[in-house]
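# A closer look at the structure
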Protein chains: 2
Amino acid sequence: MGIVTIVGAGMMGTAMAVPALDNGNEVRVVGTHLDREIVERLGMDGYHLNMKRTLPQGIRYFQVEEMETALEGADLLIGGVSSFGVEWFGEQVLPKIPDGLPVLMVTKGMAADGEGNLSPFPRYLAGKFPGRKLLLNAVGGPCISYELVDRNQTCVAFCGEEMEVLRRIKDMLATDYYHISLSTDVAGVECAVALKNAYALGVSLAIGLGNRKNGPQAKEEYNPQAALFGQSVKEMGKLIALAGGNQENNIVYGAGDLYVTVFGGRTRRIGTLLGEGKTYAQAVEILAGVTLESVAIIRVILGALEKLEHRGLTSRQEFPLMLEMGRLLEEGEAVDVPWKSFEREEN
Amino acid sequence: MGIVTIVGAGMMGTAMAVPALDNGNEVRVVGTHLDREIVERLGMDGYHLNMKRTLPQGIRYFQVEEMETALEGADLLIGGVSSFGVEWFGEQVLPKIPDGLPVLMVTKGMAADGEGNLSPFPRYLAGKFPGRKLLLNAVGGPCISYELVDRNQTCVAFCGEEMEVLRRIKDMLATDYYHISLSTDVAGVECAVALKNAYALGVSLAIGLGNRKNGPQAKEEYNPQAALFGQSVKEMGKLIALAGGNQENNIVYGAGDLYVTVFGGRTRRIGTLLGEGKTYAQAVEILAGVTLESVAIIRVILGALEKLEHRGLTSRQEFPLMLEMGRLLEEGEAVDVPWKSFEREEN
């Protein structure tokens, strides 16, 4: 097939090596400066220290200093950094590639400009290179990294500006367990992906509330979880519309992705702790060292909503669950879900 | 407040007694001919044999022969029968009530006419009484019956033709744990509720597939579940649109309701068995005696889709998961999820 270079050796970036390899590509994984130990161990025996999985043989591993070698002749670049690495990716990686090289990012997040306008990461990054014609695309839809390595059946969506480019990328990665829909609705697919990290925290509050009421060993309560799930999908749809995305089509990816994140992701842990009544400071102490993308996206959204409200484009009262999550990130606040505010009337 | 009479002493019908009672109403529960033992025991000590919960004191219980007494002076009638009892409810209960009495049905299902036109139950029943002006409304949204009895936080939607009537019903039932949205989009809310029973079977196939692959004690796999969840919401939206409902707003209730049904409902059991590779006949034998509303709704939908396709209004190929569920109900067929058919391209 071709050469696939993955920059970022975190869990999701590295996991993409499996469908790439199964598809007959030459696969190269490059760690960032933060991945030094991970890459060292991967190079020894293919074991990923964080994912706790051994990758299949045949993948080549590179430290960050060897990035240019790893990029040589690549037919596809996969951006495997987390949302905290997106600036680094823009500064350290994108300047090193030719315009015609398709890029597929697994990074999940949104950026807001000074006026509160929300952008998905591919457009945000493209905006940093006004003279260039970069082919930036991204992955959305529900996918837990280690399940992809286990070759579980997985349905995702690739989004980007040009369908032709998306089809080329799909050809390099589709397998009999990795199923890929394509969409040019970058705002819809990518914002859903980013927002689900925020709202998975919201849904998980119910798990913590249940633990507090019944003890952590008791059977989970699903009515409150489902109520928060429904409210989450509702607010996600409104935010996607504010970002210019097609909420009708892409609520599909958002809902599935929210589902998987509540059950399989790290966000469940912080939501559960906050739901149990712990303050944010206490929760962070317990989760020492865990990457909290959910918290970052909540802060971006709340900042943007304030500006958008000021401009008369929305009202923050339409996002009661997002507001509650924001309140919980403040010093010393404990959970108090505004259930009544989820009610609505529609003719 | 007023007098609330519930006809049907199954789990969901009986559970509605709790918010009705907490709201200060006089509450009367009438069993159908199938509920004789349940009502007998409820009358003794308030214990519900199927739900395995003791109801709060103060509710009055009636056998089916005493229905007219129980309906006397009622301000609200709650229809608590399952979808299999909807004809009985139309023939035995609705003729006994005055037109002005608001009716709220917990029955979840859809009917199709000879041309494949899909109707939510309230409209289907109203069609049987062309000369009358019945006030038929229904409950949608995620709610497990015993969790309502436990007074867990629950967010539902009442739907009906007239907002004023919906507000009156809400006033009689809203509590600090039972939160009620209102909608005049009967097709949207009710079809979502009915369809989630079908698609919860579809999502649960992944649980069975996982059991078969890894053993029932292994950690659940979420990528396949989430893929089926996303596909389910997508197909539900299309079916709601075919029934004339507002899919954009009501996917919210559908997605939350699907979530709760996968985790807390009976449908999970049959989906899991089919996913493990058992035939429908084998699964039914294992589940002896369990009410399979999911199967009934799948058959209604497939029958309707065939006719709608014949009329050029849709193509069955747009519903690959529904088709797979239909195939599984045929003699001797084992699961084979058509993952690739879930892929799509959208510009």
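To start, this report covers the structure provided alongside it. (Residues numbered from 1 in each chain as written. Chains lettered and ligands numbered in written order. Predicted model: local features only at pLDDT ≥ 70, side-chain atom pairs only at ≥ 80, totals over all residues. Heavy atoms only, no water.)

On to the relation of the copies chain B and chain A, then. The two copies are related by a screw operation: chain B maps onto chain A through 180° of rotation and 0.0 Å of translation along the axis, at an RMSD of 0.0 Å. A rotation of that kind, with that shift, is consistent with a two-fold axis. When you check the interface residues of chain B against chain A, 100% turn up at the interface there too, and the contact is symmetric in its surfaces. (Least-squares fit on C-alpha atoms with pLDDT ≥ 70 in both. Contact = heavy atoms within 4.5 Å.)

Another point: unusual backbone geometry. Non-glycine residue Arg151 of chain A carries a positive phi angle of around 60°. Tracing the sequence through the fold places Arg151 of chain A in the loop between α7 (145-149) and β11 (154-160). Taking the relative accessible area as the measure of exposure, Arg151 of chain A reaches 35% and is therefore partly exposed. We note that Lys52 of chain B has phi near 60°; this positive angle belongs to a residue other than glycine. Topologically, Lys52 of chain B is positioned in the loop between β3 (47-48) and β4 (53-54). (Helix = DSSP H or I, 4+ residues; strand = E, 2+ residues; numbered from the N terminus. Buried < 20%, exposed > 50% of the residue type's maximum accessible area, 1.4 Å probe, protein only.)

Now for the nonpolar core. One finds Leu173 of chain A together with Leu173 of chain B to be the most contacted residues of the largest nonpolar core, which totals 194 residues. Ignoring any residue separated from it by four or fewer positions in sequence, one finds Leu173 of chain A in contact with Met16, Pro19, Ala20, Asn23, Leu76, Ile78, Leu104, Phe158, Tyr178 and Ile180 of chain A. (Core = buried A, V, L, I, M, F, W, Y, C linked by side-chain atoms within 4.5 Å.)

The next point concerns the pattern of salt bridges. All names here are of chain B. Scanning the model with the defined rule gives 44 salt bridges over all chains in all. Note that Arg268 is salt-bridged to Glu220, the shortest N-O span being 3.0 Å. Pair noted here: Arg268 is in helix α12 (residues 267-275) and Glu220 is in the loop between α9 (186-214) and α10 (222-242), with a separation of 48 residues, a long-range link. Judged by relative accessible area, which is 26%, Glu220 ranks as partly exposed. (Salt bridge = Lys/Arg side-chain N within 4 Å of Asp/Glu carboxyl O.)

Now for the environment of Ser232 of chain B. Residue and element names in this part refer to chain B. Considering the arrangement of structural elements, one finds Ser232 in helix α10. Between the alpha carbons of Ser232 and Leu321 there is a distance of 7.3 Å; along the sequence they are 89 residues apart. Among all residues touching Ser232, those that are not within four sequence positions of it are Tyr199, Val203, Leu258 and Leu321. Of the polar contacts made by the side chain of Ser232, one reaches the backbone oxygen of Leu228; its length is 2.7 Å. (Polar contact = N/O pair within 3.5 Å; in protein donor to acceptor, adjacent residues only side chain to side chain.)

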